[in-house]
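Single-letter residue listing:
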Amino acid sequence: FPQAVIADNLIFISGTPGIVPTSGQIISSDFEQQVRQSFSNIKTILEEAGSDISKVIKTTIFMVAGNDFAVINKVYIEFFPINAPARSTPQVMPFPGGILVSVECIAQI
């Protein structure tokens, strides 16, 4: 499936877990590291598509139940220090392969 689709002036990024692109492996079993890697991956995808993280207008963060919203808030402010995009954060059943979080977003080009 595509990691992103461009339609008109919007980029729709598919669910992006905390996988290290060079290895294809989850960065760690640590929730915070996975969240940070997910957003790093999104930043890279956006830049490759001619956009950047400041143009994100909506995120959906699917996190495995039992993890801490405070961690997501901490990482979110690192990537969006001003004008944070709208966000929803549903808790989900476990993903396969040790994935604890998957982030999708919509950004402007």
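Look above for the structure.
Position labels on residues start from 1 in each chain and follow its written sequence. For a predicted model such as this one, the threshold for reporting local features is a pLDDT of at least 70, and the threshold for listing and counting side-chain atom pairs is 80 or more; totals across whole chains, interfaces and linings nevertheless cover every residue. Note: side-chain values were computed over all heavy atoms of the structure, leaving out hydrogens and water.

### Concerning the pairing of strand β1 (residues 4–7)
In this sheet, strand β2 (residues 10–17) lies alongside β1 in antiparallel orientation, the contact comprising four bridges. Counterpart to A4 in the pairing with β2 is I13. Linking β1 to β2, which pair antiparallel, is a turn of two residues; within it D8 sits at a positive phi near 55 degrees. Pairing between strands requires that DSSP locate at least two bridges from one strand to the other. Numbering goes from the N terminus for both helices and strands, where a helix is a DSSP run of H or I of at least four residues and a strand is a run of E of at least two.

### Some points on the environment of I13
Within the element layout of this structure, I13 appears in strand β2. Overall, I13 belongs to the buried group, its relative accessible area being 4%. Along the primary structure I13 and K74 are separated by 61 residues, whereas in three dimensions their C-alpha atoms are 22 Å apart. Not counting residues up to four positions away in its chain, the partners in contact with I13 are Q3, A4, I42, I45, L46, E104 and C105. Relative accessibility under 20% of the residue-type maximum defines a buried residue, over 50% an exposed one, and the middle range a partly exposed one, all with a 1.4 Å probe and only protein chains included. Here a residue-residue contact requires only that any non-hydrogen atoms of the pair lie within 4.5 Å.

### Brief notes about the nonpolar core
Of all hydrophobic cores here, the largest spans 24 residues; its most connected members are F31, F39 and L46. Sorting the residues of this core by element identifies β2, α1 (31–48), β5 (56–64), α2 (69–79) and β8 (101–108) as the ones contributing at least two each. The element contributing the most residues to this core is α1, with six residues. Those residues in contact with L46 that lie beyond four places of it in its chain are I11, I13, S51, D52, I53, V56 and A107. What is meant by a nonpolar core is a set of buried Ala, Val, Leu, Ile, Met, Phe, Trp, Tyr and Cys residues, joined one to another through side-chain atoms within 4.5 Å.

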